[in-house]
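Descriptive structure summary
For reference, the chains in residue letters:
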Amino acid sequence: MQALFAWIDRFTQARVRRVAHRHGRRSLIGKLGVALVGGAVLPMLPFDRSGQMSGLGTAHAAGHGKGKTAAAEDPSKCEYWRYCAFDGYLCTCCGGSLTSCPPGTEASKVSWVGTCLNPTDNRQYLVSYNDCCGKGSCGECLCNNNERERPGYRLGVHNDINWCMANTSSMFHCTTSIIVGVA
Ligand code: ABN
């Protein structure tokens, strides 16, 4: 009996030592480190949020796929895809169009740009926003979206100033959205 107990003791001790050897403090600390770093880094990883179309209306047009809205394809609506970094009055509401200034005004000589996702082909486009200058505020269809817009020290991607500053008349009327190219 004594011999059996002694054998069980030796066997248990050997097992416990082996487990302790394999799963020592260092291994535990290592695993904790991986969990901590992983937990901190995981939320920073880029993942596709393009399906969310933030800020867009919810009324889905018949025949449109998931995430696409009628407004995202209507240039008279602030939710139109090209207006993702727009700030001003829509020229489409002011006697002009998406790309041309209303009569009696002229396009700003300088502009800011935005990068917007076209829901039709799912590609990003570089859009130039040109204020139309020479008349007082249009006052119709005020629209302010700020996707990827940056503070004034990144002037070319800042929308919250009067870009008529370099024109003969610095009066601001409305804003156009012109595609410059694929981003
Ligand atoms: N870029 C449009 C605008 C014009 C005047 C003042 C603020 C913003």
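Preceding this section is the structure that the text describes.
Criteria and cut-off values
- Residues numbered from 1 in each chain as written.
- Predicted model: local features only at pLDDT ≥ 70, side-chain atom pairs only at ≥ 80, totals over all residues.
- Heavy atoms only, no water.
- Near = heavy atom within 4 Å.
- Polar contact = N/O pair within 3.5 Å; in protein donor to acceptor, adjacent residues only side chain to side chain.
- Nonpolar A, V, L, I, M, F, W, Y, C, P; charged D, E, K, R; others polar.
- Disulfide = S-S within 2.5 Å.
- Helix = DSSP H or I, 4+ residues; strand = E, 2+ residues; numbered from the N terminus.
- Salt bridge = Lys/Arg side-chain N within 4 Å of Asp/Glu carboxyl O.
- Buried < 20%, exposed > 50% of the residue type's maximum accessible area, 1.4 Å probe, protein only.

A look at the site of the ligand
By nearness alone, every residue bordering the ligand is listed as Asp-87, Trp-112, Asp-131, Asn-159, Ile-161, Asn-162, Trp-163 and Phe-172. Note that a nitrogen atom of the ligand is positioned 3.1 Å from one of the backbone N or O atoms of Asn-159. Split by residue class, the shell around the ligand holds four nonpolar, two polar and two charged.

Observations concerning the state of the cysteines
The tally for this structure, following the rule as stated, stands at seven disulfides. The disulfide that involves Cys-78 links it to Cys-143, with 2.0 Å between the sulfurs. Here the S-S torsion is close to 80 degrees, and the disulfide linking Cys-78 with Cys-143 is therefore right-handed. In this pair, Cys-78 is assigned in the loop between α2 (25-41) and β1 (87-89) and Cys-143 in strand β5 (residues 142-144), connecting sequence segments 65 residues apart. Across a sulfur-sulfur distance of 2.0 Å, Cys-93 and Cys-141 are joined as a disulfide pair. Between Cys-93 and Cys-141, the disulfide has an S-S torsion of -85 degrees and is therefore left-handed.

Some points on the pattern of salt bridges
When charged atoms on two side chains of opposite charge get close, those side chains can pair. On inspection of all chains with the given rule, the structure shows two salt bridges. Here Lys-77 makes a salt bridge to Asp-74, at a shortest N to O gap of 3.3 Å. The exposure class of Asp-74 is partly exposed, given its relative accessible area of 26%.

Points about the side chain of Asn-118
Counting through the fold element by element, Asn-118 comes out in strand β3 (residues 112-118). Exposure remark for Asn-118: the relative accessible area of 11% places this residue in the buried category.

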